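Notes for the structure review
In case you want the letters, here they are:
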Amino acid sequence: MKIALCQLNYHIANFEGNSSKIISNILKAKKDGVDLIVFSELSVCGYPPQDFLEQKDFITEVEQTVSKIAESCNGIAAIVGAPVINKSKQGKKLFNSAIMMYEGKVQFIQHKTHLPTYDVF
């Protein structure tokens with residue numbers, strides 16, 4: 001299995017720019033024979049999103065962008081970071097998650113655990 005790690009310069013709330021970078025690197029990795037490409041924490045929305053996380057439109061844009069990125073994952077798997085809505089009534093409203101995509105769709109979501117309780121967390 002060939003794995004690529006991709007550390008890029010993401011910008012907060014620049015969904016078009018961030019997704020373009022991510023998709024471009026997915027396509028290049030696929031061409032290079034990579035099986036799995038991994039991007040950083042909150043790569044979809046930029047880090048740290050802070051107050052943007054309180055805006056419903058921001059979270060909707062995250063979800064749409066994840067779907068768009070997933071469409072480019074055919075013949076290659078990718079993991080991106082993004083906030084994900086907590087559908088349970090317990091805990092915080094959002095999770096900081098790693099989203100695994102393959103064959104054009106989200107296959108698995110792993111939520112971050114043991115978050116610190118200070119500053120942006």
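A few points on the structure. These figures come from a predicted structure and were not determined experimentally. (Residues numbered from 1 in each chain as written. Predicted model: local features only at pLDDT ≥ 70, side-chain atom pairs only at ≥ 80, totals over all residues. Heavy atoms only, no water.)

Right, let's talk about the sheet that holds strand E2 (residues 36-39) for a bit. Strand order in the open sheet made by the five strands is E1-E2-E3-E4-E5, with mixed pairing throughout. At either margin of the open sheet sits one strand with a lone partner, and together these are strand E1 (3-6) and strand E5 (105-111). Strand-to-strand twist in this sheet, taken as the mean axis angle between neighbours without regard to direction, amounts to 30°. Strand direction decides the pairing type here: E2 and strand E3 (residues 77-85), joined by three bridges, are parallel. Bridge assignment links leucine 36 to a residue of E3, and that residue is alanine 77. (Pairing = 2+ DSSP bridges. Helix = DSSP H or I, 4+ residues; strand = E, 2+ residues; numbered from the N terminus. Axes fitted to C-alpha atoms, helices over the stretch in contact; angles between N-to-C directions.)

Sheet topology note: the E1/E2 ladder contains four bridges and is parallel. Within the sheet, the bridge partner assigned to alanine 4 lies in E2 and is isoleucine 37. Viewed along the sheet, the connection from E1 through helix H1 (residues 15-31) into E2 turns out right-handed. (Right-handed = clockwise from strand over helix to strand, strands pointing away.)

Here the focus is helix H2 (residues 56-71). Taking 1.5 Å per residue, 16 residues should reach 22 Å; H2 reaches 23 Å between its end C-alpha atoms and fits that length. Among all positions of H2, only Phe58, Ile59, Val62, Thr65, Val66, Ile69 and Ala70 are buried. Around the axis of H2, the buried residues are gathered within 135° of arc, so they sit on the same side. Those residues of H2 that are exposed and angled more than 90 degrees off the buried face are Lys56, Asp57 and Glu71. (Expected span 1.5 Å × (residues − 1). Buried < 20%, exposed > 50% of the residue type's maximum accessible area, 1.4 Å probe, protein only. Arc of directions from axis to C-beta.)

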